[in-house]
Amino acid sequence: MKSRRRFTYFVPVVLGVLFGTCSFVGCHEGTIDERNIILYADICFFIALFVLIFRCSLKLMEKVPPHFDRLDIPFSFFRHLKLDWTPKSVVAVWGIICVCWLPYAIIFFPGTYWFDTSWQLTQFFDPNTPITDHHPFALTYLLGFFANLGKAIFHNAVCGLYVLVILQAALSALSLASAACYLARFTVPWKIRFSLAAFFALFPFLPCLAMSLAKDTVATPFFVFFSIMFCEIWRTHGTSLASPLFDVLLVVNILIASVTKKTGMYIIVLSLLLLAFAVRTWLVKAGVIVIAAIPYLVVGVIAPTFILPALHIEQGENSEVLAVPLQQVANVVHNHPSSLNNEDLDEIREIYQQEPERLQQEYCWYVSDPIKGQRIPPEDVHRLGRFWLRQMAGHPNDMTAGWAGLSASWFSFDVFSKGKPTQDDLTILSSSTHHHPGVDQFTAWPNHTKGGLAFGRFYEQTLLMLPVVNVLFQKALWASVLPFFLVFVSLRNKDWWRMLILNMPIIATLLTLVAGPTSAYGEAVRYVLPLVYTIPLFLCISLFVMRQQSEA
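No experiment lies behind these values; they were computed from the predicted model shown. (Residues numbered from 1 in each chain as written. Predicted model: local features only at pLDDT ≥ 70, side-chain atom pairs only at ≥ 80, totals over all residues. Heavy atoms only, no water.)

(A) Spotlight on the side chain of Thr427. Take Thr427: it is sitting in the loop between helix H18 (396-406) and helix H19 (452-461). Note on Thr427: relative accessible area 10%, which makes it buried. Beyond its immediate chain neighbours, meaning those up to four positions away, Thr427 contacts Phe205, Leu209, Tyr459 and Val525. (Helix = DSSP H or I, 4+ residues; strand = E, 2+ residues; numbered from the N terminus. Buried < 20%, exposed > 50% of the residue type's maximum accessible area, 1.4 Å probe, protein only. Contact = heavy atoms within 4.5 Å.)

Next comes the structure, spelled out in structure tokens:
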């Protein structure tokens, strides 16, 4: 047992290696120099740092008093707030969070909208712009419905979209209130549940993102509900699935989460398939597998086979899932054009559908969008795979740097580039000035909000600059440090394999991040949003399950 627990320190060691590598790449314009001693100093420093932090965190957990549920000062003031898993408690916490979020609804009126939102609206209203499934077509129709609702009632499409923003924020607050109260099922102490509810109510990043509109903000509340139901299935060894109401709510929830965000479907399916190993009877295992198959059948089979052709919707580009290998190969083309022969250059033209010279110019080390976007035929996917293997053998440093540049903000606290807007903080969207130009002809697009720009300056110049507290605003804390800590805690548990399965929604989300097209860019803050919502839930459960088993 002791040897296995010592072995778990490979988790912070791996995290330290990734942090050291990505920190070096993030501060050296997306390049790796194996002769630079700073690279190895970074790696050694972060290995020592995370080993120390992980060990101290466990020791601190052991010091939590056994009677942590006593409502002494100042908590006695809130003694009427039970925070148990009942509708009354959930509604009470929901109301508190909504009251705390209400000022943000006023400050960010009439809502903030990402470029993708305006692009989807342009597709919906412009008959000359086809609707594509690049972003989920179901979300495109949802945005269009509320825009038309705004036109019909308020004579302004944006007012209808603001209604959707408010509904989304209210649903987000409800999901977070449910998560805080659900911890009572795992006998997590009242003070921890209260602290979590206070964090959800007061952490400004959450309401600021809830007042913006994109596929990530719409889908995340449903991901939280899925996480709660996932934990309940795990806790009861699957007996909760005996309730037809539970099953119906689970299926409806995962379908909504899957059709509004494609990566949500992959996370849910993988998590449920592995959850089948953690339930007891073969009948329940089969039930979990059947439920896992439903979102894949709907999103991956039925929609592209029947729904998209019937609605004349174009399929999305497969280059999204190939972002990392496309970026890695492009990095080799950018750095070593002379090493490529004529056959290599022909393959590059086929894969990227552009000249190698243009690929060199378009390449940007921290985002893959400039070099992708087209749909790659199956034969070119195989060609890309073979070319990728050859370049991995010939230029391993450039291939590593190609990935590290995309993941720099997931595994680093310091990312910058000369004259380029890289970001490693949890920044917020305070205006809608960056939008698709086509949307202007269909509605009076709101470039600015009521007070968003002023609050945005306060957020960036004050909150992000506060010592110690600003750690909470680091992307890397939520994207890698806390997920790796959850793996570390899981492996130290007696039932380590069950604990790993419990945290699979977090682990699977992390896998989608490291396979994504960017981390050090404005839009990337949306990708980490599901982790900010759900990691507190899984972290509390994991720590207190481990403590209960150690005391047993």
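Having seen the model, we can carry on.
(B) Structural view of the environment of Val252. Relative to the helices and strands, Val252 is located in helix H11 (residues 244-260). The class for Val252 is partly exposed, based on a relative accessible area of 44%. Residues Val252 and Thr236, 16 residues apart in the sequence, show an inter-C-alpha distance of 21 Å.

(C) Region of the structure containing the packing of H11 against helix H13 (residues 282-310). It is at 10 Å that the axes of H11 and H13 come closest, and there the two elements cross at 35°. You can see that H11 and H13 cross each other, and the crossing is right-handed. Contact with H11, carried on its side by Leu250, Val251, Ile254, Leu255, Ser258 and Val259, involves Ile291, Ile294, Pro295, Val298 and Val299 of H13 and no other residues of that element. (Axes fitted to C-alpha atoms, helices over the stretch in contact; angles between N-to-C directions. Left-handed = near helix turned anticlockwise from the far one by under 90°.)

(D) Region of interest: a nonpolar patch on the surface. A cluster of nonpolar side chains, contributed by Tyr141, Tyr296, Leu297, Val301, Ile302, Phe306, Ile307 and Leu311, occupies part of the molecular surface with about 680 Å² of accessible area. Sorting elements by how many residues they give to the nonpolar patch places H13 first, with 6 residues. The residue Val301 is located in helix H13 in this model. By relative accessible area, Val301 is classed as partly exposed at 32%. (Patch = residues over 30% accessible without salt bridge, like charges linked within 9 Å, V, L, I, M, F, W, Y side chains within 5 Å. Areas by Shrake-Rupley, 256 points an atom, 1.4 Å probe, with all protein chains shown as cover. Salt bridge = Lys/Arg side-chain N within 4 Å of Asp/Glu carboxyl O.)

(E) Quick peek at the nonpolar core. In terms of nonpolar packing, the biggest core is built from 151 residues, with Phe205, Leu206 and Leu272 touching the most fellow members. Residue contacts for Leu272: discarding those within four places in its chain leaves Phe226, Phe230, Ile254, Val288, Ile291 and Ala292. Within the second largest apolar cluster, 23 residues are counted, among which are Leu322, Ile351, Tyr363 and Ile371. (Core = buried A, V, L, I, M, F, W, Y, C linked by side-chain atoms within 4.5 Å.)

(F) View of helix H7 (residues 157-182). Here H7 contains 26 residues, and its C-alpha end-to-end distance of 38 Å stays within 8% of the 38 Å for a straight helix at 1.5 Å per residue. Most of H7 is tucked away, with 19 of its 26 residues classed as buried. Two or three places before Val158, at the start of H7, stands the capping residue Asn156, its side-chain oxygen 3.0 Å from that residue's backbone nitrogen. (Expected span 1.5 Å × (residues − 1). Polar contact = N/O pair within 3.5 Å; in protein donor to acceptor, adjacent residues only side chain to side chain.)

(G) Fine view of the pattern of salt bridges. Counting across every chain of the model gives 11 salt bridges. Glu232 is paired through a salt bridge with Arg185; the nearest N and O atoms lie 2.8 Å apart. Of this pair, Glu232 sits in helix H10 (residues 215-235) while Arg185 sits in the loop between H7 and helix H8 (190-202); the two residues are 47 residues apart in sequence, bridging distant segments of the chain. Between Arg526 and Asp216 there is a salt bridge, and its shortest N-O distance comes to 2.2 Å. Of this pair, Arg526 sits in helix H23 (residues 524-527) while Asp216 is found in helix H10, placing the two residues 310 residues apart along the sequence. Of the two residues, Arg526 and Asp216, both sit in the buried class. Residues participating in the shared-partner salt-bridge network are Asp116, Asp216, Lys261 and Arg526.

(H) Layout of the state of the cysteines. Tallied over the entire structure, the rule returns 0 disulfides. Here Cys100 is not disulfide-linked; the sulfur of Cys98 is the nearest cysteine sulfur, at 9.4 Å. The thiol of Cys364 is not disulfide-bonded; the next cysteine sulfur, from Cys27, is found 15 Å away. Exposure remark for Cys364: the relative accessible area of 13% places this residue in the buried category. (Disulfide = S-S within 2.5 Å.)

(I) Spatial organisation of H13. Compared with an ideal rise of 1.5 Å per residue, which puts 29 residues at 42 Å, H13 spans 39 Å between its outermost C-alpha atoms and is within 8% of the ideal. Taking the largest bend as the criterion, H13 deviates by roughly 65°, centred on Ala303, and proline Pro304 comes between one and four positions later. Looking at H13, one finds that the buried residues are Val284, Lys285, Val288, Ile291, Ala292, Pro295, Val299, Ala303 and Leu308. Packing partners of the buried residues in H13 comprise helix H6 (137-154), H11 and helix H12 (262-275). Remark: His312 follows H13 within two positions and exhibits a positive phi of approximately 60°. (Bend = angle between axes of the 7 residues up to and from the residue.)

(J) Layout of the packing of aromatic side chains. Scanning the model with the defined rule gives 39 aromatic pairs in all. For the pair Phe124 and Tyr141, a centre-to-centre distance of 6.0 Å together with 90° between the ring planes defines the contact as edge-to-face. Taken together, the residues span a long stretch of sequence, with Phe124 in helix H5 (residues 115-125) and Tyr141 in helix H6 at a distance of 17 residues. A relative accessible area of 24% places Phe124 in the partly exposed class. A centroid spacing of 5.9 Å and a plane angle of 55° characterise the contact between Phe199 and Phe200, whose relative ring orientation is tilted. Both residues of the pair, Phe199 and Phe200, count as buried. Here the aromatic residues Tyr104, Phe108, Phe199, Phe200, Phe203, Phe205, Phe455, Phe458, Tyr459, Phe473 and Trp478 are joined through ring pairs into a cluster of three or more. Stacked on the ring of Phe125, the Lys or Arg Lys151 has its end atom at 4.2 Å from the ring centre. The side chain of Arg526 reaches across the aromatic face of Trp114, ending 4.9 Å from its centre. (Phe/Tyr/Trp six-rings, centres within 6.5 Å; stacked < 30°, edge-to-face > 60°. Lys NZ or Arg CZ within 6 Å of the ring centre and 35° of its normal.)

Just distances and angles here, no functional claims.
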